Amino acid sequence: MAEVLMQRTPAALHEPEGNFLTENPGLKNWLFTVDHKRIGLMYFWTIMTMFFVGGVLALVLRTELLTPKTTIVSAEVYNQLFTLHGVIMTFLVLVPVIPATLGNFVLPMMLGAKDVAFPRLNLLSYYLYVFGALLAVGAIIGGGLDTGWTFYTPYSSTISGGVSIMTMGAFVLGFSSILTGVNFIATIHKLRAPGLSWYNMPLFIWGMYATAVIQVLATPVIGITMVLLLMERLFQVGIFDASLGGDPVLFQHFFWFYSHPVVYIMILPGMACISEVIPTFSHKPIFGYKAIAWSSVGIAVVSFFVWGHHMFVSGQSEFAGAIFSFLTFVVAIPSGVKVFNWLATMYRGSISLGAPMLYAISFLLLFGIGGLTGLFLGTVAVDVHLHDTYFIVAHFHYVMMGGTLIAFFAGLHYWWPKMYGRMYNELWAAIGCLFVFLGFNGTFIPQFLLGSRGMPRRYYNYLDQFQFLHVASTIGSYLLGVGLVIMAVTLIVPLFRKRYDAPNNPWGAASLEWTVSSPPPTHNFHHVPVVTHGPYDFKAARRLEQMESHS
Amino acid sequence: MSVENEAMESIPHHGEEVHTHNHTKWYVANILALFVLTGITVLAAGINFGSNTVNLMIAMAIATVKAGLVALIFMHLLWEKGMNAVIFLSSLFFVALFMSFTFFDVETRAKIEPATPSEPGVSAGYQPAPLPLYVVAPKGGAASEHGEAAKAAGGQAAH
Amino acid sequence: MSDIAIPAGGQAHAHASPHSRHLQHHFHNSAQQFEASKIGMWLFLVTEILLFSGLFLAYFMLQTRHPQAFIEAHHHLDRSLGVLNTLVLLVSSFTMVMAVQSAALNRIKATLIYLYATFGLGGVFLFVKYIEYSHKFHDGLLLGNLFSYKGANVPGEYLFFSMYFVMTGIHGIHIIVGMGVIAYLIWRTHQRVFSSAYYTPIDLTGLYWHLVDLIWIFLFPLLYLVS
Ligand code: HEM
Ligand SMILES: [Cu+2]
């Protein structure tokens, strides 16, 4: 069995045939492709466009908050802008950002497969995303919508404007997300390469699997919630309306039964990226593989038990509040398990501070703050004071931006050479990361302070005493914006180089996607690879690589 | 060697026949059983077992047995690979979770503070307002103060 | 030795060659492809179950709040038509599963007959629903603000009809979609596409059809037999 090596292709430079980027060129071939790598890239650029729009909106919002009362927009416009910002960032960016881009791109390769199980559904998922995005954004721009991304009834069921179209948009987007989840689960079960047992899978795959489980189980509920909201608007069916004999708090149960788990749809893929980057850049096998793997699944399950912590002051019963509060503490345990295992992996590793690792370390710090403040909020007595203040805003930005997006950036810098076959400038990547890190903290630390002093969220006006902190936050956000621009430029500039200068395995990683050329050939593997070592067995991977280059 | 064994794990191979057995007898027996259970459902609906909730539970229990038969025999879970059954059962678990936790809330809402309206200074707690239900009033307008009261009760537990 | 032998040919359905024309390039053999599709379908059914669970939860919620109204209102439904439709759907499940089995045993003619039967029974179900609906429309027993029935004597009866129409409506859409897919299968069976070597679409549609039946099994007592 010893001669059975992982199949390696010659370095990209000597590659006789094309890679997935250049083979079958032309717009039509891209738009109708079923190749998971191309779909991943199409998703990537679409989502980044949305992220750009959402980001510009954020800067407009922050600019408005430089002064009390009107700075640049009116109160009504402000309400619509934060709704648009929230909807774009949650539904259009954070939910799909890692699974649909990095996940689509690397998951089949990590498994040693040629594609996901259902390539056409994968493409359908992309177009549903585009369609849903058009509906959602069109609803706000065309019809106007100022409910916030949470669409609470009875406000959302009684106002005029774009709510109905928005519900359809959310429904379609949910479908897109479900298709990704179904695809990944089937792929992971059925398309693993020979030798790739469950415990031989990279932890990225475990994270994607857990995410997919939530996508499949939770997303349908937002679908039916949107249908019922639409019915409520069209026919006043009365389910969510107390004056008609229904219950508006029921809407919140429906909404959060999806939307708490959805925050784990966001963070689990982020954690999945971190689990790849940290061992590779610490040059040390991951510590506690099984603990990390199972804590992903644990998070996926437990995340369904805590949704009521968003409803402590919504009129939910005290009894339910107490139960949900307790369970909220439980869900923090598996996240803690992961963080400690990552730290233990880094401990005594020989850490190289490449850009992916810088982002990973930022993630540890920021997600730590986000998660711990989540525990404050999970405590009923504290939450009564902090609910609907800037403290919440800061909390979820620490987990969503500081967690998910920073982890996405870590993953992006990690796999970028694989995706486009070009290295980026390490120094500028590090500078971008520094700006992002400082800017992010500059934006949101003041918001913790504002919130604990009573500044409510979703207000365009505020008391004069809050101005200093608001200005600080706005300056931080500009810094953050600069950091993101630096990052984007750093990543995009190399794409104009003709030559593929990225080696197959620039970081010395050990999972299968690094055994193929950068960028990968159209069908990933010329022969079915056989896995003979663990995903973090860097020594074995290097030995194989050396034997390969001698032959 | 173990590599080869694991290779077999994810890629099915020779001899793993899925189902070419003839199950007609099972199917016929199943459809008859389902007919009988449908009859039982209708009969049971005519009997009062005590309370509204118990009646509902019994109807749902019979329906669950029927659904189980459909899933096991028509949908082949009886003969399928375990994974599909796990997927199916997990969905039921999460449905149960969704419903039971929501009912934890609904059923215990405002029952913590017993209503003692006679004591001065103590709030009356939550009193379900008599709702003007048969009029589907336009929003905000003729919904009347009852509607408002109910909204308040739904939106904010009385203290 | 770089060329790794793939575990040899799939034999899921009778004797499919590993490179049958229905095998997509990223699968090793048809057994693997079949099992992957099967998992995918079950996952899709899970999403359907959770989707409907929201409707059931809303129903339970309203029913526990307005028990009297629900009991009153459900008397407007015709119980015998409910039973009839239950039986129709159960039989259609039976014909569907027979269609799948016939395909697996390579009895294509029988497959076709059973598919036609299933399609027809779906049609019967919809026809009965049409009769029921038109009755309700006539009496103004409708959902939400369309409810215009004058003889209601318990407040909140329209809530029952809100649930009735939303639940049976969404269920009915599933029946229509199912019939569309079955019509497609009939067309493809006529074209001799399916055989014991390849009948995955029939098998998957069967699963879907049974689930739609399964949901009706719960809808029936909730809507027609409130007590
Ligand atoms: C240790 C884990 C976490 C705990 C204990 C926790 C706890 C909480 C609690 C109790 C609230 C409700 C506060 C309120 O509205 O009064 C909340 C809000 C929120 N959390 Fe977390 N959280 C955690 C992790 C996360 C993660 C990982 C994300 C996303 C990636 C996230 C996103 C959010 C969002 C978006 C909100 C606000 C929703 C809104 O009202 O608009 N949380 N969190
Ligand atoms: Cu939450």
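On a predicted model such as this, the values are computed, not experimentally measured, just so you know.

## What about the coordination of the iron atom of ligand 1?
Protein coordination of the iron atom of ligand 1 is limited to a single donor, His-395 of chain A (NE2), which sits 2.1 Å from the metal. Position of His-395 of chain A among the secondary structure elements: in helix α13 (residues 390-420).

## Looking at helix α4 (residues 108-139) of chain C
Residues and elements named next belong to chain C. The end-to-end C-alpha distance of α4, which contains 32 residues, comes to 47 Å, matching closely the 46 Å that a straight helix rising 1.5 Å per residue would cover. The set of residues buried in α4 consists of Ile-108, Thr-111, Leu-112, Leu-115, Thr-118, Leu-121, Gly-122, Phe-125, Val-128, Lys-129, Glu-132 and Lys-136. The secondary structure elements touched by the buried residues of α4 are α3 (79-104), α5 (157-190) and α6 (200-224). Where α4 ends, the next residue or the one after it, Gly-140, has phi of about 75°, a positive value.

## Quick look at the layout of surface pockets
What the second largest pocket holds in volume is close to 1,200 Å³. What lines the second largest pocket is a set of 31 residues, and nearest its centre among them are Phe-118 and Leu-121 of chain A together with Met-41, Pro-201 and Leu-204 of chain C. Mapped by element, the contributors of at least two residues to the lining of the second largest pocket are α4 (119-143) and α6 (163-190) of chain A together with α1 (30-65), α5 and α6 of chain C. For the lining of the second largest pocket, the residue count by class is 22 nonpolar, 7 polar and 2 charged.

## Side note on α6 of chain A
With 28 residues, α6 of chain A should cover 40 Å at 1.5 Å per step; its first-to-last C-alpha distance of 41 Å lies within 8% of that length. For α6 of chain A, the tally of buried residues reaches 24 of 28 residues, placing the bulk of the element in the interior.

## Comments concerning the confidence of the model for chain B
Residue and element names in this part refer to chain B. Within chain B, residue pLDDT values average 68, and 56% of them lie at 70 or more. Mean pLDDT across the elements of chain B bottoms out in helix α5 (residues 144-155) (38) and peaks in helix α2 (residues 24-45) (93). Contacts from residues 1-19, a stretch scored under 50 in pLDDT, to residues over four places away or in other chains number 50 contacts. The model gives residues 112-159 a pLDDT under 50, and that stretch makes 63 contacts with residues more than four places away or in other chains.

## Comments concerning the coordination of the copper ion (ligand 2)
All names here are of chain A. Only His-260 (ND1), His-309 (NE2) and His-310 (NE2) from the protein reach the copper ion (ligand 2) as donors, at distances of 1.9 to 2.1 Å. The sequence pattern formed by the donor residues of the copper ion (ligand 2) is H-x48-H-H. In this model, the copper ion (ligand 2) sits 4.4 Å from the iron atom of ligand 1. Highlighted residues: His-260 in helix α8 (residues 248-282) and His-310 in the loop between α9 (289-302) and α10 (318-346), separated in sequence by 50 residues.

Conventions adopted
The numbers attached to residues start from 1 for each chain and follow its sequence in the written order. Each chain takes a letter, starting from A, and each ligand takes a number, starting from 1, following the order in which they are written. A pLDDT threshold of at least 70 governs which residues receive local features in this predicted model, and a stricter bar of 80 or more applies before side-chain atom pairs are shown or counted, although totals over entire chains, interfaces and linings include all residues. Note that water and hydrogens are dropped before the side-chain values are worked out from all heavy atoms of the structure. A 2.8 Å cut-off from the metal defines N, O and S donors, relaxed to 3.2 Å for Na, K and Ca; water is not in the atom list, so some sites may appear incomplete. Strands here are runs of E lasting at least two residues and helices are runs of H or I lasting at least four, both read from the DSSP assignment and numbered beginning at the N terminus. Helix span is expected to be 1.5 Å times the residue number reduced by one. Exposure is judged per residue with a 1.4 Å probe applied to protein chains only, and the accessible area is read against the type maximum: over 50% gives exposed, under 20% gives buried, and values in between give partly exposed. Between two residues, a contact is recorded if the distance between any of their heavy atoms is within 4.5 Å. Here a cavity denotes grid points, spaced 1 Å and computed from the protein atoms alone, that fit a 1.4 Å probe unable to get out, and a pocket denotes an open set having protein on both sides within 12 Å along at least 5 of 7 lines; residues with an atom within 4 Å of a point are the lining. Grid points are joined across faces, edges and corners, and a volume is the space filled by probe spheres set on the points. Only Asp, Glu, Lys and Arg are considered charged, only Ala, Val, Leu, Ile, Met, Phe, Trp, Tyr, Cys and Pro nonpolar, and every remaining residue, Gly among them, polar. A residue's pLDDT is simply how confident the predictor is in it, with values from 0 to 100.

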